[in-house]
Amino acid sequence: MIEQFDAIVVGAGMSGNAAAYTLASQGLKVLQLERGEYPGSKNVQGAIMYANMLEKIIPDFRDDAPLERHLVEQRLWVMDNTSHTGIHYRSDDFNEAKPNRYTIIRAQFDKWFSRKVREAGATVLCETTATELVRDGNGKVIGVRTDRAGGVVFANVVVLAEGVSGLLGTRAGLREMPKPETVALAVKEMHFLPEEVIDQRFGVKGDEGCVIEAVGTISRDMAGLGFLYTNKESISLGIGCLVSDFAAMLESPSALLDAMKNHPSIRPLIAGSEVKEYAAHLIPEGGYRAIPQLFGDGWVIVGDAAQLNNAIHREGSNLAMTSGRVAAEAIIKVKSRNGPMTKGNLALYKTMLDESFVIKDLKKYKDMPALLHTNSSNFFTSYPRLMSYAAQNFMRVDGTPKIEKERATTAAFINARSRWGLVSDAVRLALAWR
Amino acid sequence: MTIAVTKVRVEDKLYQNRYLVDSGRPHIIVRPHEKPSANLLALTYVCPAKCYELNDRGQVEITADGCMECGTCRILCEKGGDIEWNYPRGGFGVLFKFG
Ligand SMILES: Cc1cc2nc3c(=O)[nH]c(=O)nc-3n(C[C@H](O)[C@H](O)[C@H](O)COP(=O)(O)OP(=O)(O)OC[C@H]3O[C@@H](n4cnc5c(N)ncnc54)[C@H](O)[C@@H]3O)c2cc1C
Ligand code: SF4
């Protein structure tokens with residue numbers, strides 16, 4: 001028996017669930033394939049979830065979605081080996097009726113999202129790996145092969161929501177494989193502590209949460225970011241650096257994570273915790289310039305598979321959800337005009353996505369990835385060391401006249417990076433940020 | 001020596017994780033080689049699960065049981081032909097409880 005679907009969605013992560021939910025809730029016949037035992041069993045995230053983008057898909061998600069804490073405080077720490085210089089932002093305004101950002105635990109969140117997809121009417125098949133795209137004589141994608149017996153399924157359009165290291169799109173030549181310098185490898189541990197201990201250590205109460213993001217010598221000359229996110233009864237702690245840097249420096253990711261946990265600023269926050277999981281995952285960091293062709297005859301690509309990830313702001317799930325929703329809306333529009341799922345008609349997805357924050361944000365930072373990649377030792381080691389030196393020199397009261405302290409600080413910066421180097425880094429950073 | 005210490009630690013970490021191992025069907029294979037390429041050699045450090053190890057003949061071997069399917073080795077080594085990379089069969093492999 002050959003069953004024909006309106007759409008097949010490969011993957012039940014953030015982008016796939018958004019697409020499948022939107023398609024099914026408009027009455028399309030949807031099949032979703034997920035290789036994990038349950039949705040979320042293969043997925044890793046920090047994880048901060050942005051309410052607005054989920055609200056556009058499931059407006060009343062707060063009623064039953066598994067949410068950990070809503071965020072009232074964000075800290076950015078610039079670290080050297082023994083210190084951190086921090087910028088903290090905390091506001092009671094974030095204690096609003098409908099909070100803006102939450103921490104989540106992906107395995108639980110994805111299960112919930114998938115339940116919504118099924119309730120909307122989609123068929124969800126877990127423990128099923130899609131192995132190959134099936135095409136007709138003209139090259140149009142007409143279905144996927146799976147690793148189930150006799151497992152070919154057909155559809156008018158295939159939504160590739162297979163995540164950053166997805167095999168289908170790259171094997172079929174629809175897009176390139178990410179390059180070592182455009183993906184970061186992140187390792188993460190789940191540290192469990194009683195709720196009251198977390199409340200006390202981070203100065204929060206009830207459902208309030210706090211995030212810490214850390215750059216500096218913890219990434220050992222590599223372009224990288226450490227993070228510490230408070231969940232209800234656990235802390236998600238991890239660090240990610242570019243794969244190209246890991247390979248060049250021959251660093252062990254797990255040793256890097258252990259060193260970060262031992263940093264004197266971080267150790268007390270996790271003291272006494274019980275670690276219950278160690279995970280690793282890639283993050284697409286190529287930005288705007290790495291976005292592949294997003295649509296073709298019978299297919300669209302969404303989420304991390306399309307490199308739709310804003311590494312500068314550590315946003316990915318919201319771009320994934322939005323691209324999944326927008327792709328689904330484009331497909332629905334094409335179908336409602338009785339149009340075939342051709343490249344020409346599916347171009348609508350790209351047009352609609354260009355109008356959204358997804359492409360606009362990525363375009364804004366199009367030069368950042370290259371800048372950080374080629375300057376990692378300055379941005380992640382020299383400057384953090386200098387900041388620490390400057391702060392400590394300023395705070396130590398030791399009888400040295402202030403003017404001498406100021407001169408010493410300036411000299412240290414120039415010594416480390418030359419006047420010209422400092423100016424050019426500042427200019428390049430400003431241009432890339434613009 | 002430091003490597004040995006790290007290795008024990010990584011194994012301890014992986015011990016926390018849940019896996020459904022597809023016995024006898026490894027999803028990643030290292031192609032036979034005389035001398036490992038620089039990228040293949042790098043995996044003995046960079047694989048977050050320490051799946052890659054040097055044998056006493058100086059070749060890189062993989063034990064994919066603790067693999068977290070991150071894809072790092074694929075990004076570094078598939079194109080050059082050092083390894084053959086696949087996902088485990090549906091349902092098998094690492095099963096994150098939290099993710
Ligand atoms: C450590 C870390 C921290 C992060 N922190 C944040 C954060 O705080 N906030 C944020 O917004 N984003 C964050 N991100 C990014 C975010 O996780 C991703 O952008 C998002 O998950 C992408 O969603 P996706 O649906 O495109 O891919 P995924 O969520 O990766 O989903 C892909 C799905 O496809 C399935 N799949 C793949 N291939 C097949 C196949 N052949 N057959 C069947 N199923 C298949 C996979 O099993 C998986 O379920 C973080 C990422 C990492 C790694
Ligand atoms: S996929 Fe990741 S964890 Fe698995 S062997 Fe490759 S590098 Fe190691």
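The following refers to the structure shown. Predicted model only: the values in this text are computed from it and were never measured.

With respect to the overall build of chain B
- Across its full length, chain B carries three helices and six strands.
- In chain B, the succession of α and β elements from N to C terminus is α-β-β-α-β-β-α-β-β.
- For 99 residues, the compact-globule estimate of 2.2 N^0.38 gives 13 Å, and the C-alpha radius of gyration of chain B, at 13 Å, lies within 12% of that figure.
- Taking all 99 residues of chain B together, 53% fall into the buried category.
- Sequence-distant contacts in chain B: of pairs separated by 6 or more residues, those separated by 24 or more amount to 63%.
- Counting only carbon and sulfur atoms, one obtains 53% of the accessible surface of chain B, whose full area is about 5,000 Å².
- In chain B, 13 side chains carry a positive charge and 12 a negative one; their mean positions are 5 Å apart.

Focus: the packing of helix α1 (residues 14–25) of chain A against helix α3 (residues 106–119) of chain A
Residues and elements named next belong to chain A.
- Following both chains from N to C, one finds α1 and α3 inclined at 15°, their axes separated by 9 Å at the closest point. The pairing of α1 with α3 is recorded here as roughly parallel in orientation. Considering how the two elements wind past one another, α1 and α3 form a crossing that is left-handed. Judged by residue contacts, Met 14, Asn 17, Ala 18, Ala 20 and Tyr 21 of α1 engage Arg 106, Phe 109, Asp 110, Phe 113, Ser 114, Lys 116 and Val 117 from α3.

Examining the site of ligand 1
- Looking at ligand 1, there are 41 residues lining it, with Ser15(A), Glu34(A), Arg106(A), Asp304(A) and Ser317(A) nearest.
- The environment around ligand 1 is built from residues contributed by chains A and B.
- Contact distances for ligand 1 include 2.8 Å between an oxygen atom and a backbone N or O atom of Ile48(A).
- In the complex, the protein chains occlude 97% of the 1,000 Å² of accessible area that ligand 1 would expose alone.
- Taken together, the elements giving at least two residues each to the shell around ligand 1 come down to α1, β3 (48–50), β13 (224–230), β15 (274–284) and α9 (317–336) of chain A.
- Residue composition of the shell around ligand 1, grouped by class: 17 nonpolar, 16 polar and eight charged.

Observations concerning the nonpolar core
Residues and elements named next belong to chain A.
- Ranked by internal contacts, the top residues of the largest apolar core, which has 81 residues, are Ile 8, Leu 23, Phe 113, Val 144, Leu 308 and Tyr 349.
- The element best represented in this core is α9, accounting for ten residues.
- Split by domain, the residues of this core number at least three in each of domain 1 (4–66 + 104–176 + 292–364) and domain 2 (181–284).
- Val 144 has contacts with Ile 8, Val 10, Leu 33, Ala 130, Glu 132, Leu 133, Val 134, Gly 151, Val 152, Val 153, Val 158 and Leu 168, leaving out every residue within four places of it along the chain.
- Residues Leu 167, Ala 214, Ile 218 and Ile 235 belong to the second largest nonpolar core, which totals 62 residues.

Section: the interface of chain A and chain B
- On the chain B side, the residues contacting the 55 residues of chain A number 37 residues.
- Summing both sides of the interface, chain A and chain B together bury roughly 3,800 Å²; the carbon and sulfur share of this comes to 56%.
- Considering only the surface of chain A that becomes buried against chain B, Met177(A), Glu277(A) and Tyr278(A) emerge as the three largest contributors, covering 17% of it.
- At the junction of chain A with chain B, the criterion picks out six salt bridges.
- The salt bridge partner of Lys42(A) is Glu69(B), with a shortest N-O separation of 3.0 Å.
- Joining chain A to chain B, the criterion identifies 29 residue pairs in polar contact (both at pLDDT 80 or more).
- With eight residues, β15(A) is the single largest residue contributor to the side of chain A that touches chain B.
- Among the residues forming the side of chain A that touches chain B, the class breakdown is 25 nonpolar, 14 polar and 16 charged.

Remarks on unusual backbone geometry
Residue and element names in this part refer to chain A.
- Omega for the peptide link from Gly 46 to Ala 47 comes to 25°, which places this bond in the cis form.
- Mapped onto the elements of the fold, Ala 47 is located in the loop between β2 (30–33) and β3.
- The phi angle at Glu 127 is positive, at roughly 50°, despite the residue not being glycine.
- Among the structural elements, Glu 127 can be located in the loop between β7 (123–125) and β8 (130–135).
- Even without being a glycine, Arg 220 presents a positive backbone phi close to 45°.
- With respect to the helices and strands, Arg 220 occurs in the loop between β12 (208–216) and β13.

Things to note about the state of the cysteines
- Under the defined criterion, the tally for this structure stands at zero disulfides over all chains.
- Left unpaired, Cys77(B) is separated from the closest cysteine sulfur, that of Cys73(B), by 7.3 Å.

Criteria and cut-off values
Residues numbered from 1 in each chain as written. Chains lettered and ligands numbered in written order. Predicted model: local features only at pLDDT ≥ 70, side-chain atom pairs only at ≥ 80, totals over all residues. Heavy atoms only, no water. Helix = DSSP H or I, 4+ residues; strand = E, 2+ residues; numbered from the N terminus. Rg over C-alpha atoms; globule rule 2.2 N^0.38 Å. Buried < 20%, exposed > 50% of the residue type's maximum accessible area, 1.4 Å probe, protein only. Contact = heavy atoms within 4.5 Å. Areas by Shrake-Rupley, 256 points an atom, 1.4 Å probe, with all protein chains shown as cover. Lys, Arg positive; Asp, Glu negative; His and termini not counted. Charge placed at Lys NZ, Arg CZ, Asp CG, Glu CD. Axes fitted to C-alpha atoms, helices over the stretch in contact; angles between N-to-C directions. Parallel < 35°, antiparallel > 145°, perpendicular 65-115°, else oblique. Left-handed = near helix turned anticlockwise from the far one by under 90°. Near = heavy atom within 4 Å. Polar contact = N/O pair within 3.5 Å; in protein donor to acceptor, adjacent residues only side chain to side chain. Nonpolar A, V, L, I, M, F, W, Y, C, P; charged D, E, K, R; others polar. Core = buried A, V, L, I, M, F, W, Y, C linked by side-chain atoms within 4.5 Å. Domains from an automatic or database assignment. Buried area = accessible area lost by both parts, 1.4 Å probe. Salt bridge = Lys/Arg side-chain N within 4 Å of Asp/Glu carboxyl O. Disulfide = S-S within 2.5 Å.

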